[in-house]
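The chain contents come next:
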Amino acid sequence: GEEVAQTPKHLVRGEGQKAKLYCAPIKGHSYVFWYQQVLKNEFKFLISFQNENVFDETGMPKERFSAKCLPNSPCSLEIQATKLEDSAVYFCASSRNAGGQGTEAFFGQGTRLTVV
Amino acid sequence: DQQVKQNSPSLSVQEGRISILNCDYTNSMFDYFLWYKKYPAEGPTFLISISSIKDKNEDGRFTVFLNKSAKHLSLHIVPSQPGDSAVYFCAASEYSGNTPLVFGKGTRLSVIA
């Protein structure tokens, strides 16, 4: 597609429930990034993929968070046993390259996760 | 430890005047810099970028200046228009691709008619 598509737009989960977010990158883009934005603060990098391979996962919380990018499927970010502090807008972005020109990541509209 | 800093949370400018948004970085490995614009309830939109081999890049009303020795960049918008009112994020990366984009906390620009 011509834009990064994130679903759902809004997600409400009770504390302890699972949350799963989806992202379809722009066609032809090899890199996918997930960012977390809490309270309109800066974007916190979570994880990136080069095609279906994890490229950088230094921002991923070790527990409860997992992500996948499988061939012919939207990428996903899953949070097991959500906590109140997981409430945030989760942005997915894709880019052609990882560095330099073509690094311009294009963002989806975000998924607002509210944990109650 | 913030690697990309936008020290002004907000800025108000009269329509038609120049808007100057500033950004500082601490990581000397950063060599590619980007500005994003974000409206409420939307994802950030890429605006303009600059690599460290240049000190200026211009695109219409938007110009980004880079001062490598000071580890400082700025975005100039001239003339400012009410539609420019948004949150602007500065982002940095390494040309090699070894690090993902690192974002500042953003500056909210309000252009007053």
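Let me sum up the structure you'll find in this document. (Residues numbered from 1 in each chain as written. Chains lettered and ligands numbered in written order. Predicted model: local features only at pLDDT ≥ 70, side-chain atom pairs only at ≥ 80, totals over all residues. Heavy atoms only, no water.)

1. What about the overall build of chain B?
Piece 1. A tally of regular secondary structure across chain B gives 0 helices and 11 strands.
Piece 2. The N-to-C order of helical and strand elements in chain B reads β-β-β-β-β-β-β-β-β-β-β.
Piece 3. For chain B, the C-alpha radius of gyration of 13 Å lies close to 13 Å, the compact-globule estimate for 113 residues.
Piece 4. For chain B, the spread of C-alpha atoms along the three principal axes comes to 40 × 30 × 20 Å.
Piece 5. Counting the 113 residues in chain B, one finds 48% classified as buried.
Piece 6. Counted over contacts in chain B with a minimum sequence separation of 6, partners at least 24 positions apart contribute 54%.
Piece 7. Total accessible area on chain B stands at roughly 5,400 Å², and carbon and sulfur atoms take up 48% of it.
Piece 8. Across chain B, 11 positive and 10 negative side-chain charges occur, with their mean positions spaced 4 Å apart. (Helix = DSSP H or I, 4+ residues; strand = E, 2+ residues; numbered from the N terminus. Rg over C-alpha atoms; globule rule 2.2 N^0.38 Å. Buried < 20%, exposed > 50% of the residue type's maximum accessible area, 1.4 Å probe, protein only. Contact = heavy atoms within 4.5 Å. Areas by Shrake-Rupley, 256 points an atom, 1.4 Å probe, with all protein chains shown as cover. Lys, Arg positive; Asp, Glu negative; His and termini not counted. Charge placed at Lys NZ, Arg CZ, Asp CG, Glu CD.)

2. Some details on the sheet that holds strand S7 (residues 65-68) of chain A
Residues and elements named next belong to chain A.
Piece 1. As summarised here, the arrangement of the 4 strands in space is S1-S3-S8-S7, forming an open sheet in which the pairing is antiparallel. A strand with exactly one partner marks an edge of an open sheet, and here the two such strands are strand S1 (5-7) and S7. Neighbour to neighbour, the strand axes of the sheet diverge by 15° on average, direction disregarded.
Piece 2. In this sheet, strand S8 (residues 75-79) lies alongside strand S3 (residues 19-24) in antiparallel orientation, the contact comprising 5 bridges. The partner of Cys-23 across the bridge, within S8, is Cys-75. (Pairing = 2+ DSSP bridges. Axes fitted to C-alpha atoms, helices over the stretch in contact; angles between N-to-C directions.)

3. Concerning the pattern of salt bridges
All names here are of chain A.
Piece 1. Scanning the entire structure with this criterion turns up 5 salt bridges over all chains.
Piece 2. As a salt-bridge pair, Lys-18 and Glu-78 come within 3.9 Å of each other at their nearest N and O atoms. One end of the pair, Lys-18, is in the loop between strand S2 (10-13) and S3; the other, Glu-78, is in strand S8, with 60 residues separating them in the sequence.
Piece 3. Overall, the relative accessible area of 44% leaves Lys-18 in the partly exposed class. (Salt bridge = Lys/Arg side-chain N within 4 Å of Asp/Glu carboxyl O.)

4. Side note on the interface of chain B and chain A
Piece 1. If you look at the interface, chain B gives 25 residues, while chain A gives 21 residues.
Piece 2. For the chain B and chain A pair, buried surface summed over both sides reaches about 1,700 Å², with 61% attributable to carbon and sulfur atoms.
Piece 3. The interface formed by chain B and chain A contains 0 salt bridges.
Piece 4. Those elements giving two or more residues to the side of chain B that touches chain A turn out to be strand S4 (32-38), strand S5 (45-51) and strand S9 (86-93) of chain B.
Piece 5. Looking at the side of chain B that touches chain A, the element that brings in the most residues is S4 of chain B, giving 4 residues.
Piece 6. Classifying every residue of the side of chain B that touches chain A by side-chain character gives 11 nonpolar, 9 polar and 5 charged. (Buried area = accessible area lost by both parts, 1.4 Å probe. Nonpolar A, V, L, I, M, F, W, Y, C, P; charged D, E, K, R; others polar.)

5. Here we look at the sheet that holds strand S6 (residues 56-59) of chain B
All names here are of chain B.
Piece 1. Here 5 strands make up an open sheet; going across it, the order is S1-S3-S8-S7-S6 and the pairing antiparallel. Looking at strand neighbours, the two that pair on one side only are strand S1 (4-5) and S6, the edges of this open sheet.
Piece 2. Here S1 pairs with strand S3 (residues 19-25) via 2 bridges, running antiparallel. Bridge pairing links Val-4 to Tyr-25 in S3.

6. Quick word on the environment of Ala-24 of chain A
Residues and elements named next belong to chain A.
Piece 1. Relative to the elements of secondary structure, Ala-24 occurs in strand S3.
Piece 2. Ala-24 sits in the partly exposed class, given a relative accessible area of 29%.
Piece 3. If sequence neighbours within four positions are ignored, Ala-24 has contacts with Glu-3, Val-4, Ala-5 and Pro-74.

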